[in-house]
Protein chains: 2
Amino acid sequence: MSKTTSQRPQSGGPARSTAAGVTIGKLARAAQVGVETVRYYQRRHLLAVPHSARGGVRRYPSEMVDRIRFIKRSQSLGFSLDEIRELLRLEEGGSRSAIRKIAATRLTNIRDKLAALKRMESALADLLRECEHANSVAPCPIITALSVDPQDVIFSPNVARAA
Amino acid sequence: MSKTTSQRPQSGGPARSTAAGVTIGKLARAAQVGVETVRYYQRRHLLAVPHSARGGVRRYPSEMVDRIRFIKRSQSLGFSLDEIRELLRLEEGGSRSAIRKIAATRLTNIRDKLAALKRMESALADLLRECEHANSVAPCPIITALSVDPQDVIFSPNVARAA
DNA sequence: CTTGACTCCGTACCTAGGTACGGAGCTTAA
DNA sequence: TTAAGCTCCGTACCTAGGTACGGAGTCAAG
């Protein structure tokens, strides 16, 4: 549809010719990402750079939209771009166990972060509750806890900034 | 204690004189951070830079160790350096409500992250379980889910990379 | 008075995942 | 043919919280 100029929602302009495939701008719009993001994925080797057909403007197969969506969905599950590159490599025909291994590693990492965040959440919630119920002349319990408190209770060291 | 050279555990060297206070290296060691980290906190205005007593080497009051520990404990509860700067400013005499507001904001943020991580965790755990129980000839359920799946179920968009 | 350890200061680098800029060239509608 | 709008490519910038480097100065002990 819309080979000629008939309706085109997003900022129309010259972007197609008779050649097969779409230009990078159209690809990016279709995948709901920025052109710069597509180029970034190319630099990170998540997307191939098609051979430019003499002259310079490259044409992308429309399946590449699916590949970008794959990337985005994978990110939403917490995978890093490096992991997603592996997943894409394994996508067709790769061993299930390799895929599971990547997923399992990421799952462990997510659970670690979850545990760290839960500790923060409960410590902070406790302090906040304490502060709301403490009498007004006493020093703020939040500040007090942060000020000296060598007691563990609050945290095990170096759990906050774990990747 | 230990005004003279009597025992010094960590890599001795010239670091004190008759002047009051400690040098940056001693301060950093006492607070369990790197010298560069102390300087970084100075640049970020979490720590004051003492006037250098003619000649160049600055002397730090030992209370500054407590200040650095305050920063570290605050970080372990999830506060950003900007927030910690505020907390330090409010530490003595600041309004409790201002302190509570900072803590409450951070708590909300932590809970948001927690919710996002939980969604990731359960989606990923489900897929992994599915994959382990699926028969071997079928395509990997993880890949399948990432490949097309326009159905929501897995995620609400843009929840992954929230700050 | 030399030597070694430290300090001072500015600057660059790191992770992760992009975003932004800018000049040059291509494409196509008018 | 010209102008708009795109593409190409390299490079710099962003967040957050540091870490690393390197030259010059200082300080104290031997």
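First, a word on what this report is: a plain description of the structure on this page. (Residues numbered from 1 in each chain as written. Chains lettered and ligands numbered in written order. Predicted model: local features only at pLDDT ≥ 70, side-chain atom pairs only at ≥ 80, totals over all residues. Heavy atoms only, no water.)

### What to know about the overall build of chain A
Step number 1: Check the secondary structure of chain A and you find six helices and zero strands.
Step number 2: Helices and strands in chain A line up, N terminus first, as α-α-α-α-α-α.
Step number 3: In chain A, which comprises 163 residues, the share counted as buried stands at 37%.
Step number 4: Considering only residue pairs separated by 6 or more positions, chain A has 46% of its internal contacts joining residues 24 or more positions apart.
Step number 5: Looking at chain A as shown, the accessible area adds up to about 9,900 Å², and 53% of this sits on carbon and sulfur atoms. (Helix = DSSP H or I, 4+ residues; strand = E, 2+ residues; numbered from the N terminus. Buried < 20%, exposed > 50% of the residue type's maximum accessible area, 1.4 Å probe, protein only. Contact = heavy atoms within 4.5 Å. Areas by Shrake-Rupley, 256 points an atom, 1.4 Å probe, with all protein chains shown as cover.)

### Some remarks on the environment of A:Tyr41
Residues and elements named next belong to chain A.
Step number 1: Tracing the backbone shows Tyr41 in helix H2 (residues 35-43).
Step number 2: For Tyr41, the contacting residues outside a window of four places in its chain are Leu46, Leu47, Ile71, Lys72, Gln75 and Leu81.
Step number 3: Here Lys72 takes part through its side chain, which lies 3.0 Å from a polar atom of the side chain of Tyr41. (Polar contact = N/O pair within 3.5 Å; in protein donor to acceptor, adjacent residues only side chain to side chain.)

### Remarks on the relation of the copies chain B and chain A
Step number 1: Superposition of chain B onto chain A requires a rotation of 180° combined with a translation of 0.0 Å along the rotation axis, giving an RMSD of 0.1 Å. Both copies of the chain, as the preceding transformation shows, are related through a two-fold rotation axis. For chain B, the residue whose C-alpha comes nearest the rotation axis is B:Leu114, separated from it by 3.2 Å.
Step number 2: Mapped onto chain A, 100% of the interface residues of chain B are again interface residues, and the two copies thus contact each other with one and the same surface. (Least-squares fit on C-alpha atoms with pLDDT ≥ 70 in both.)

### Some words on the interface of chain B and chain A
Step number 1: Contacts between the two partners involve 49 residues from chain B, matched on the other side by 49 residues from chain A.
Step number 2: Between chain B and chain A lies a buried interface of about 4,400 Å² when both sides are counted; carbon and sulfur atoms form 75% of it.
Step number 3: Area buried by chain B at its contact with chain A is led by B:Arg73, B:Arg96 and B:Leu146, which between them contribute 17% of it.
Step number 4: Counting across the chain B and chain A interface gives two salt bridges.
Step number 5: Residues B:Glu121 and A:Arg111 are paired through a salt bridge, measuring 2.7 Å at the closest nitrogen-oxygen approach.
Step number 6: Those elements giving two or more residues to the side of chain B that touches chain A turn out to be helix H3 (63-76), helix H4 (81-91), helix H5 (96-133) and helix H6 (141-147) of chain B.
Step number 7: With 22 residues, the top contributor of residues to the side of chain B that touches chain A is H5(B).
Step number 8: Classifying every residue of the side of chain B that touches chain A gives 31 nonpolar, seven polar and eleven charged. (Buried area = accessible area lost by both parts, 1.4 Å probe. Salt bridge = Lys/Arg side-chain N within 4 Å of Asp/Glu carboxyl O. Nonpolar A, V, L, I, M, F, W, Y, C, P; charged D, E, K, R; others polar.)

### What about the packing of aromatic side chains?
Residues and elements named next belong to chain A.
Step number 1: Counted under the stated rule, the structure contains two aromatic pairs over all chains.
Step number 2: Both rings, one in Tyr40 and one in Tyr41, keep their centres 6.2 Å apart while their planes meet at 45°; by these two values the pair is tilted.
Step number 3: Residue classification places Tyr40 among the partly exposed residues on the basis of a relative accessible area of 32%. (Phe/Tyr/Trp six-rings, centres within 6.5 Å; stacked < 30°, edge-to-face > 60°.)

### As for the packing of H4(B) against H5(B)
Residue and element names in this part refer to chain B.
Step number 1: Interaxial distance between H4 and H5 falls to 10 Å at its minimum, and their mutual angle equals 160°. For the element pair H4 / H5, the angle class is roughly antiparallel. The two elements H4 and H5 meet at a crossing, and its hand is left-handed. When H4 is examined against H5, the residues Glu83, Glu86, Leu87 and Leu90 are found in contact with a partner set consisting of Ala98, Ile99, Ile102 and Arg106. (Axes fitted to C-alpha atoms, helices over the stretch in contact; angles between N-to-C directions. Parallel < 35°, antiparallel > 145°, perpendicular 65-115°, else oblique. Left-handed = near helix turned anticlockwise from the far one by under 90°.)

### A few points about helix H4 (residues 81-91) of chain A
In an α-helix, one turn spans 3.6 residues, which is why side chains three or four residues apart end up on the same side.
Step number 1: Looking only at H4(A), the buried set comprises A:Leu81, A:Glu83, A:Ile84, A:Leu87, A:Leu88 and A:Leu90.
Step number 2: As for H4(A), its buried residues are in contact with H2, helix H3 (63-76) and helix H5 (96-133) of chain A together with H6 of chain B.
Step number 3: A:Gly93, located one to two residues past H4(A), shows a positive phi value of around 85°.

### Here we look at the side chain of A:Gln42
Residue and element names in this part refer to chain A.
Step number 1: Tracing the backbone shows Gln42 in helix H2.
Step number 2: Look at Gln42 and you get buried, because its relative accessible area is 11%.
Step number 3: Excluding residues that lie within four positions of it along the chain, Gln42 makes contacts with Leu47, Ala48, Val49 and Tyr60.

### Looking at the pattern of salt bridges
Residues and elements named next belong to chain A.
Step number 1: Across all of its chains, the model carries twelve salt bridges over all chains by this definition.
Step number 2: In this structure, Glu83 engages Arg106 in a salt bridge whose closest nitrogen and oxygen atoms are separated by 3.0 Å. Note that Glu83 is positioned in helix H4 and Arg106 in helix H5, a separation of 23 residues in sequence. No difference in accessibility class separates Glu83 from Arg106, as the two residues are buried.
Step number 3: With its nearest N and O atoms 2.7 Å apart, the salt bridge here joins Arg89 to Glu86. Remark: Glu86 and Arg89 occur in helix H4; sequence separation between them is three residues, near one turn of the helix.
Step number 4: Three or more residues are tied together by salt bridges with common partners; here these are Arg44, Asp82 and Arg85.

Interpretation note: all reported values are geometric properties and have no functional meaning in isolation.
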